[in-house]
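# Per-entry structural report
Listed below, chain by chain, are the residues.
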Amino acid sequence: MRLTFLEPLYKQPGPYASVYLDTSRDTLAGDPDTAIGLRWRHLRDTLLAEGADLDSVTAAAGTVGNDADVPGTHGQALFTAHGRLALLDELPAPPARDTAHFGSLPDTMPLITQHAPEIPYLAVHVHYSGPHSTGAGGTVRIEAEAGVWPLTKVRPGHRLHEEVPVTDWLNAAGVIGRELEGHARRIDAEAVVVAGDVWARGILVRRLPVSLRRQVTSVEGTGDSQPGRALLEQPLEDLLDRRIAAHDRALLDGFLAGRARGGATAEGLAAAVSALQRGRVQALFLNDHPESSLRLWVGPEPGQLALTEEELRAYGVRDIHEERADAALARALVGTRAELVVVPEGRLRLSEGVGVLLRYADPVPDA
C-alpha cells in the first residue's frame, strides 16, 4: 500500500495531537452528539496531560463529531499541530478504542491499517421483480458503484444508475455491460460483484465483455444501502475480508521469493530499522502494527531511527528522543517512499511480526 496520502501531514512541523474517536451515531442511545462530546472531553484531558498546547486541542475540538452526515458505524482520525488541523480522515470502522496522543510524531499507524487493503472494485445490483420474460411489462433498474474497499464505506464511489424497459433488456444489457467495463478499467478493478434478480443479472453477466465477465462474483444481497455507504456493503465485506490487493500481493510474492533464495529480504524489528536507516526498504510487511509499548529512538529526519540512543549519537544525530515504534516506522516509511503491506499472521508468520523487501541486495563479497 502506498502511503502518499500521509505526505502532507509529515510536511508540517510537530508536535502533533493525534485523536481516534468512534463517531458512529446509529448505535448510540439517547443523544449521540452528547455522548460523543463526553468521550471527546476525556481525550481532551489526556492531550492536555501529555502537554498539548491549548490551540491544538481547540482545533481538534472544532472538528470532532463534524461527520454527522456519515451513516453507519465509523470513526474519525484527526491530527492537529500548532493550532491548525493537519489531517482529517473518516475511518471505515470505529477504532478499537478511543485514543489521544500528543508527541513529536503523529500516531498514524492505526489510520494506515484501516486503509488496507485498498482493493478497487465494481459493485452492481440489478433490480427487477416482474415475470422472467422480456415480453413482460415493467423495468430493469441497474445501480453500480466503482470504489476502493474499504474506504467506500465512508467515501461513496462513483455511482451509475440506469433504468430500461424489460422488453429492451436483452439489447440494453450489452450496452450497459460495455459502460461498466469502462468504469472498471478506469480504476483497474480487481473484483466485480453482481447481485439482484437471478434472471435479470444473469442476462447482464452473459453480455459483459469477456475480460470483465471473468472477474464476476455473483452474490445474494440487497442493493438497498444508506446514502453515504457502499453499495452491496455486506457482500463486499464477506468477499474482501482479509484479502490482499493485487499490488500488495505482488510485493508479498517478491518477498517470499527473495526469502526462499536468500535474496533482498530481512525479518525482525532490528533488521527493518537498519534497512529504513539506509533508505533501502521497498516494502515493509506487518502481521500487526507493533504494540505501543515498543519504543525506538528517533532524530529529526525520517531515516533517523534506532533501537538505542547510543546508535543514533554514533551517527552524529544530536536532537534525539524516544518515540513509539509504530509512529517511528510510519514516518520512516512515508519519508523514504516505502510501502506497507499488512499480512494476516495465518497467511505468513514473520519474525517479530515484521519483514522487509529491500530495494537491492547487499553485494556479494569477492571470494
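Just so it is clear, the structure is predicted and the values come from calculations on it, not from any experiment. (Residues numbered from 1 in each chain as written. Predicted model: local features only at pLDDT ≥ 70, side-chain atom pairs only at ≥ 80, totals over all residues. Heavy atoms only, no water.)

## Topic: the pattern of salt bridges
To keep it simple, the criterion reads: By salt bridge we mean one thing: a side-chain nitrogen of Lys or Arg within 4 Å of a carboxyl oxygen of Asp or Glu. Secondary structure elements are taken from DSSP: a helix is a run of H or I of four residues or more, a strand is a run of E of two residues or more, and numbering for both begins at the N terminus. Type-normalised accessible area, obtained with a 1.4 Å probe on protein chains alone, sets the label of each residue: buried when under 20%, exposed when over 50%, and partly exposed for intermediate values.
Per the counting criterion, the structure on display carries 17 salt bridges. Glu7 is the partner of Arg337 in a salt bridge, and the nearest nitrogen-oxygen pair spans 2.9 Å. Taken together, the residues Arg337 in the loop between α12 (325–335) and β15 (339–342) and Glu7 in helix α1 (residues 7–10) connect sequence positions 330 residues apart. Look at Arg337 and you get exposed, because its relative accessible area is 61%. On the basis of relative accessible area, Glu7 is assigned to the buried category, the value being 16%. For Arg349, the salt bridge is made with Glu345, and the minimal N-O distance between the two is 2.8 Å. Linked through salt bridges whose partners overlap, the residues forming this network are Arg25, Asp33 and Asp67.

## A look at the packing of aromatic side chains
To keep things clear, this is the line we draw: Ring pairs are drawn from Phe, Tyr and Trp, using the six-membered ring of Trp, whenever the two centres fall within 6.5 Å, and their geometry is named by plane angle: stacked under 30 degrees, edge-to-face over 60, tilted for the rest.
Under the defined criterion, the tally for this structure stands at four aromatic pairs. Ring geometry for Tyr128 against Trp199: centres 5.6 Å apart, planes inclined by 45 degrees, an arrangement best described as tilted. You can see Tyr128 sitting in the loop between β5 (119–127) and β6 (139–149) and its partner Trp199 sitting in helix α6 (residues 198–206), a full 71 residues away along the chain. The class of Tyr128 is buried, set by a relative accessible area of 9%. Ring centres of Phe255 and Phe285 lie 4.9 Å apart, and the angle between their planes is 40 degrees; this geometry places the pair in the tilted category. Of this pair, Phe255 sits in helix α9 (residues 246–260) while Phe285 sits in strand β11 (residues 281–286), and the two are 30 residues apart along the sequence. For the pair Phe255 and Phe285, one class covers both residues: buried.

## Remarks on the sheet that holds strand β16 (residues 354–358)
Our working rule: DSSP calls a pair of strands paired once it identifies at least 2 bridges connecting them. Here an angle of 0 to 180 degrees is reported between the N-to-C directions of two axes, which are lines fitted to C-alpha atoms, with helices fitted over the stretch in contact. Note on contacts: a residue pair qualifies if any of its non-hydrogen atoms lie within 4.5 Å across the two residues.
The strand order β10-β16-β11-β15 describes an open sheet built from four strands, whose pairing is mixed. Edge positions in the open sheet fall to β10 (265–267) and β15, since each of these has one partner strand only. Strand-to-strand twist across the sheet, computed as the mean angle between neighbouring axes with direction ignored, equals 20 degrees. This element, α9, spans β10, β11, β15 and β16 of the sheet and lies at about 90 degrees to β10.

## Quick word on the domain arrangement of the protein
The criterion, for reference: All the domain ranges listed were derived from an automatic or database domain assignment. Defined in terms of a 1.4 Å probe, buried area is the accessible area two parts forfeit on being brought together, summed over both.
When cut into domains, the protein gives domain 1 (4–114), domain 2 (119–231) and domain 3 (262–358). On the side of domain 2, nine residues touch domain 1, which itself brings eleven residues to the contact. Three residues stand out in domain 1 for area buried against domain 2, namely Pro71, Glu90 and Pro92, and they jointly supply 57% of the buried area on that side. Here domain 1 is connected to domain 2 by one salt bridge.

## A closer look at the sheet that holds strand β9 (residues 216–218)
On the basis of which strands lie adjacent, the open sheet formed by five strands has the order β7-β6-β5-β8-β9 and mixed pairing. Every other strand in the sheet has two partners, leaving β7 (158–165) and β9 as the edge strands with one partner each. Taken over all neighbouring pairs, the strand axes of this sheet differ in orientation by 20 degrees on average, direction set aside. The pairing of β5 with strand β8 (residues 191–196) spans six bridges and is classified as parallel.

## So, the environment of Leu180
Within the secondary structure, Leu180 sits in helix α5 (residues 169–187). Overall, the relative accessible area of 2% leaves Leu180 in the buried class. With 34 residues separating them along the chain, Leu180 and Ala146 place their C-alpha atoms 9.0 Å apart. Excluding anything up to four places from it in sequence, Leu180 contacts Leu122, Val124, Ala144, Leu160, Leu204, Leu208 and Leu212.

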